[in-house]
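Structural description and commentary
Below are the chains, spelled out letter by letter.
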Amino acid sequence: MTKLVTILGGSGFVGRYVARRMAQAGWRVRVATRRPNERLYVRTYGYVGQVEPVLCNIRDDASVRAVVAGADAVVNCCGVLTESGKNTFDAVQNQGAARVARLAAEAGVANLVQISAIGADAGSDSDYARTKGLGEAAVQAAFPGAVILRPSVIFGAEDEFFNRFAGMARVSPILPITGGDTRFQPVYVDDVAQAAAKAAMGGVAAGVYELGGPDVETFRALMERMLTEIRRKRVILDMPLFLARATARMLNLAQVLTGGLYTNTTLTLDQIRNLTRDNVVSEGAKGLADLGIDPTPMDLVLPTYLWRFRPTGQYTAIRESAAGLRGQE
């Protein structure tokens, strides 16, 4: 019988790439999501009936127990960048991860993969990093054979990093950032998915793997790369920490005053704490090379989706080529 994998958060950015990889490998894929009727597009990742969205809330025992039942492998891609309602960092990244691991072990699941993040640390002053670290510890306690993947910032067509700042650059002459000297090691989303799929299929030794691409650059350098790609000249304003914190507090206040109608996803105090630390693969850590995966350079991927932010969109390359031809006349 064809093996079955359950992917929690399988309709999200990373999860959908994992779902495609598992479907291409011939597995049946159960995509666990809070809104299955709005995630029917995942069915197109495989043959008819191979990939199915199912209802699941990672905060509920019965819900998680139902979706891991009968699965040969489980991949937990659930995580939040900003808190919203009951989906707090602790509820999703700590308690949720612990729940998945515990119930997967009870169900006799053979392989468990937990998507975490570089910088996960149970002792961190950042709620995001702290709950990621606590979640990792809970997973390893309940499921010692689990594979934990810690990617740096992830890029790809649906990312919330380059797309977000490119969207800002399209309408504003100033690109505000903070932590401009902080180093990142962006990793391509499909490389992360390939690592998760290998682990889910039992081809990876248990333990923690830190995933980073071939390029290590500062936040400012990444923004300069993005601006070059979208053919726009903008002033990169690297806000000092005191100004960034003041801005974050005002945005949080706006969220409180609107009764939650406005959700601060722009800049939070917790994000600022993370932006003061480098987000790169640790020296000596196991990574993509240990998984037999060659990391994909940003240069090969960014042009395939950032073109839409250029002044003339998809026609920019044609115009540039025509200008080059006129120059040769």
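Residues numbered from 1 in each chain as written. Predicted model: local features only at pLDDT ≥ 70, side-chain atom pairs only at ≥ 80, totals over all residues. Heavy atoms only, no water.

Applying the stated criterion across every chain, the model contains nine aromatic pairs. Look at Phe165 and Phe219: their rings are 5.6 Å apart centre to centre, the planes differ by 75°, and that puts the pair in the edge-to-face class. Taken together, the residues span a long stretch of sequence, with Phe165 in helix 5 (residues 162-171) and Phe219 in helix 7 (residues 219-229) at a distance of 54 residues. The burial state of Phe165 is the same as that of Phe219; both residues are buried. (Phe/Tyr/Trp six-rings, centres within 6.5 Å; stacked < 30°, edge-to-face > 60°. Helix = DSSP H or I, 4+ residues; strand = E, 2+ residues; numbered from the N terminus. Buried < 20%, exposed > 50% of the residue type's maximum accessible area, 1.4 Å probe, protein only.)

Axis angle and axis distance: for two packed helices, these are the angle between their axes and the distance between the axes, and together they describe the pair. Where helix 5 meets helix 7, the axes come as close as 10 Å, and the angle between the chain directions of the two elements is 65°. Here helix 5 and helix 7 pass one another in a crossing that is right-handed. Packed against helix 5, whose contacting residues are Phe162, Phe165, Ala166 and Ala169, the element helix 7 presents Phe219, Leu222, Met223, Met226 and Leu227 at the interface. Grouping the amino acids of the contact of helix 5 with helix 7 by side-chain chemistry returns nine nonpolar, no polar and no charged. (Axes fitted to C-alpha atoms, helices over the stretch in contact; angles between N-to-C directions. Left-handed = near helix turned anticlockwise from the far one by under 90°. Contact = heavy atoms within 4.5 Å. Nonpolar A, V, L, I, M, F, W, Y, C, P; charged D, E, K, R; others polar.)

Let us now look at the side chain of Arg16. Tracing the backbone through its elements, the reader meets Arg16 in helix 1 (residues 13-24). This buried residue, Arg16, is left without a salt bridge; Glu158 holds the nearest opposite charge, at 4.2 Å. Here Arg16 is in contact with Gly10, Ser11, Tyr41, Tyr45 and Glu158, once residues within four sequence places are set aside. (Lys, Arg positive; Asp, Glu negative; His and termini not counted. Salt bridge = Lys/Arg side-chain N within 4 Å of Asp/Glu carboxyl O.)

Okay, the environment of Leu222 next. Inspection of the secondary structure puts Leu222 in helix 7. Accessibility expressed as a relative area gives 0% for Leu222, which makes it buried. Once the C-alpha coordinates of Leu222 and Val281 are considered, the two residues, 59 residues apart in sequence, prove to be 17 Å apart.

Estimated volume of the second largest pocket: approximately 250 Å³. If you trace the second largest pocket, you find 13 residues lining it, with Glu83, Phe89, Asn252, Gln255 and Thr268 closest to the centre. At the level of elements, helix 8 (241-257) and helix 9 (269-274) are the ones that each hand at least two residues to the lining of the second largest pocket. When residues in the lining of the second largest pocket are grouped by element, the largest group, three residues, is from helix 9. Partitioning the lining of the second largest pocket into residue classes produces three nonpolar, six polar and four charged. (1 Å grid on protein atoms, 1.4 Å probe; cavity = no way out; pocket = protein on both sides within 12 Å on 5 of 7 lines; lining within 4 Å. Points joined across faces, edges and corners; volume = space filled by probe spheres on them.)

Most often, soluble globular proteins have nonpolar side chains that are buried together. Core analysis: the biggest nonpolar cluster contains 63 residues, and Phe162, Met223 and Met226 have the highest contact counts within it. The contacts of Phe162, once residues within four sequence positions are left out, are Phe155, Leu222, Met226, Met298, Leu302, Tyr305 and Leu306. One finds Val64, Leu112, Ala117 and Tyr128 within the second-largest nonpolar core, a separate group that totals 26 residues. (Core = buried A, V, L, I, M, F, W, Y, C linked by side-chain atoms within 4.5 Å.)

Our focus in this paragraph is the pattern of salt bridges. Across all of its chains, the model carries 15 salt bridges by this definition. Measuring nitrogen to oxygen at the nearest pair gives 3.1 Å for the salt bridge that ties Arg183 to Asp278. With a gap of 95 residues between them, Arg183 in strand 9 (residues 183-184) and Asp278 in the loop between helix 9 and helix 10 (302-306) connect regions that are remote in the sequence. Of the residues examined, Arg183 reaches a relative accessible area of 37% and is grouped as partly exposed. Across the pair Glu229 and Arg231 runs a salt bridge whose closest N-O atoms are separated by 4.0 Å. By sharing partners, the salt bridges in this structure join Asp61, Arg99 and Arg102 into a single network.

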